[in-house]
Amino acid sequence: MRNDVEKAIETGPNRKAVGPDNVKNEMLQVDTSLSTRLIMAIWEACGRIATIPDEWMRSTLIPIHKKGPTHLPDNYRPISLLSHIRKVLETALDKITRREYEFRSAQLGFQKEKGTELAIVRAMEHFRKGQKCVAVLDLKGAYDLMPRQDLVDRINIKLSPLTAKMLKMTLAPLRIQTKGDDHISWFQIDRGVAQGSPLSPTLYNIFMDTFVEEMDDIPTTIALNPCTLFAGDVKISATHPEGLQLILDKATKWAEQRRMTWSTSKCEVLIAEQTTDKAFFLSGKELRKEKEVEYLGISLTQEGISDSKLIQRIEKAKPVLYIMKRLGVFRLGSPPEKGIRLYKTLVQSRWEYGLHLTPWNEQISNAVASVESQFFGQILGKIGRSNIHRIRSMCRIQSPEDRRSLLAQCMTKRIKGKIARLREAPQSNRNKRELTEAENDLEAMRHLDG
């Protein structure tokens, strides 16, 4: 663990607000070796008495106003400031935990070499294989209301005694104080995972593996892959309506056993040929059925991926050009290179997400061309609207068709690289499983691209 702590100090972020102990990461980096020895000495003492310093169990809460009336708490987003020393230890613990714990293949959030795009690819592969009865679920307060005792029971079973002991110390009740309070008051939190903790995503995934296990006895005739999880997004699918309701019943049972609640008002069932005339229930409430359901930033229909969310992102890019203009990016005499760089970072990046996964059509092409024409006109004047293909070449901006092809190639290349590394690695059961998954993902990409 010592090496993990030292690396966490070296790579830790600087210029960050301090926690209750007022220790900055820059202080630890003055002498990394000395800081590591001191932190490890304290941590070993913590292990002997099975508790950690009081300052590490405190958090300063800073409410950031989002929108709406300022007197309503729901209009604020809280930011939690923890001790930097605690974060260093938790970063090291996170690496140890990930080495020991083998996550289920349905877990795609907070995982190395995985992400939303891969989750969408797998969703389309399930769709292609006949699992067209789809529901997208939302778990109420998933991160904040997760029962810690259930998590503790699981890490006791799944992890080594030493790692479990270290994790349980970080799961002790956290005391939170809101910055700016007139009087000093602390509120104790004993549910959920700590906001701002490097360990929280991993601990949340460990807890949500219990949901995947709940689906283990689903017959393959109902679904080969009944669920896909990405952070707080849960997608379930089946080959027929009765199978989908069976999975929903299991989801209801799982939540009730853990004293958690599904936000049924946010849960949706996709209207498809099999589900049009059926009613579906979760936690005793009928779910809303829609012709399009949103999943990880894309729209699913009974035909597959819809272009509606992509079109929306392209349209939302136009106001950014207006803001850039107001800030003087396109002012006479301003270097064009600066405007082009900002365009790629602030505008083009907005509609690139999901571009290579969404079936290409003329509407997408025209929408992108409209944004590009507006940009070229602002940065180059009338000449910018005369020949969009020539101007793209001058500005070194790829056409949306070429960009789409490049994004698909990059994703395929990443999967192939993972396959190559796994084939060269020792053939443990874990590596063999990940290799099979990667090969299936590559095949799914080929079908989607085709």
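Residues numbered from 1 in each chain as written. Predicted model: local features only at pLDDT ≥ 70, side-chain atom pairs only at ≥ 80, totals over all residues. Heavy atoms only, no water.

So, on to the side chain of Asp441. Relative to the assigned elements, Asp441 resides in helix H16 (residues 429–449). For Asp441, the side chain forms a polar contact with the side chain of Arg122, separated by 2.9 Å. Those residues in contact with Asp441 that lie beyond four places of it in its chain are Leu118, Val121, Arg122 and Ile415. (Helix = DSSP H or I, 4+ residues; strand = E, 2+ residues; numbered from the N terminus. Polar contact = N/O pair within 3.5 Å; in protein donor to acceptor, adjacent residues only side chain to side chain. Contact = heavy atoms within 4.5 Å.)

Formed by 70 residues in total, the largest nonpolar core has its most connected members in Leu137, Phe211, Ile236 and Trp262. The residues touching Trp262, leaving out its near neighbours within four places in the chain, are Leu137, Asp138, Leu139, Lys140, Phe211, Val234, Ala251, Thr252, Trp254, Ala255, Leu282 and Ser283. One finds Leu108, Leu270, Val293 and Ile419 within the second-largest nonpolar core, a separate group that totals 29 residues. (Core = buried A, V, L, I, M, F, W, Y, C linked by side-chain atoms within 4.5 Å. Buried < 20%, exposed > 50% of the residue type's maximum accessible area, 1.4 Å probe, protein only.)

This paragraph deals with helix H8 (residues 161–170). Here H8 has its buried residues at Thr163, Ala164, Met166, Leu167, Met169 and Thr170. Buried residues belonging to H8 abut helix H3 (32–49), helix H4 (84–100), helix H7 (148–158) and helix H9 (200–214).

Turning to the confidence of the model for the chain, a few remarks are in order. Detail in the predicted coordinates should be disregarded across regions flagged by low pLDDT. Model confidence for the chain is summarised by a mean pLDDT of 87, while 96% of its residues fall at 70 or above. Of all secondary-structure elements in the chain, the lowest mean pLDDT belongs to strand S5 (residues 187–189), at 69, while strand S9 (residues 281–282) reaches the highest, 95. (pLDDT = per-residue confidence, 0-100.)

The phi torsion at Asn22 lies on the positive side, around 60°, for a residue other than glycine. Locating Asn22 in the fold gives a position in the loop between helix H1 (2–11) and helix H2 (25–29). In this model, Ser283 sits at a positive phi of 55°, which is unusual for a non-glycine residue. Here Ser283 shows up in the loop between S9 and strand S10 (285–286). Since its relative accessible area comes to 34%, Ser283 is described here as partly exposed.

Attention now moves to the pairing of strand S3 (residues 133–138). Most of S3 sits inside the fold, with five of its six residues counted as buried. Judged from the six bridges that link them, S3 and strand S7 (residues 233–238) form a sheet pairing that is antiparallel. When the bridges of S7 are listed, Ala135 appears paired with Ile236. Bridge analysis of S3 against strand S8 (residues 268–270) gives two bridges, and the strand direction is antiparallel. Bridging across to S8, Ala135 finds its partner in Val269. (Pairing = 2+ DSSP bridges.)

What follows is about the pattern of salt bridges. If you walk through the whole model with that rule in mind, you get 29 salt bridges. Taking the shortest distance from any N to any O, the salt bridge between Arg104 and Glu213 comes out at 3.5 Å. Placement of the pair is Arg104 in the loop between H4 and helix H5 (116–128) and Glu213 in helix H9, with a sequence separation of 109 residues. Overall, Arg104 belongs to the partly exposed group, its relative accessible area being 27%. In this structure, Glu213 engages Arg154 in a salt bridge whose closest nitrogen and oxygen atoms are separated by 2.7 Å. Here Glu213, found in helix H9, pairs with Arg154, found in helix H7; they are 59 residues apart in sequence, far enough to count as distant. By relative accessible area, Glu213 is classed as partly exposed at 27%. What makes Arg154 buried here is its relative accessible area of 9%. (Salt bridge = Lys/Arg side-chain N within 4 Å of Asp/Glu carboxyl O.)

Our next topic: the environment of Ser349. Relative to the helices and strands, Ser349 resides in helix H12 (residues 336–352). Spatially, the C-alpha atom of Ser349 lies 9.7 Å from that of Ile314, the residues being 35 residues apart in sequence.

Bringing the sheet that holds strand S11 (residues 288–290) into the picture now. Spatially, the five strands line up as an open sheet ordered S6-S7-S3-S8-S11, and their pairing is mixed. Each edge of the open sheet is held by one strand with a lone partner, namely strand S6 (227–230) and S11. Sheet twist, expressed as the average angle between the axes of neighbouring strands with direction ignored, equals 25°. Alignment of S8 against S11, held across three bridges, turns out to be parallel. Of the residues in S11, the one forming a bridge with Leu270 is Glu290. Of the strands in this sheet, S3, S6, S7 and S8 are in contact with H5, which crosses S7 at around 15°. On the sheet, H9 packs against S6 and S7 and is oriented at approximately 170° with respect to S6. (Axes fitted to C-alpha atoms, helices over the stretch in contact; angles between N-to-C directions.)

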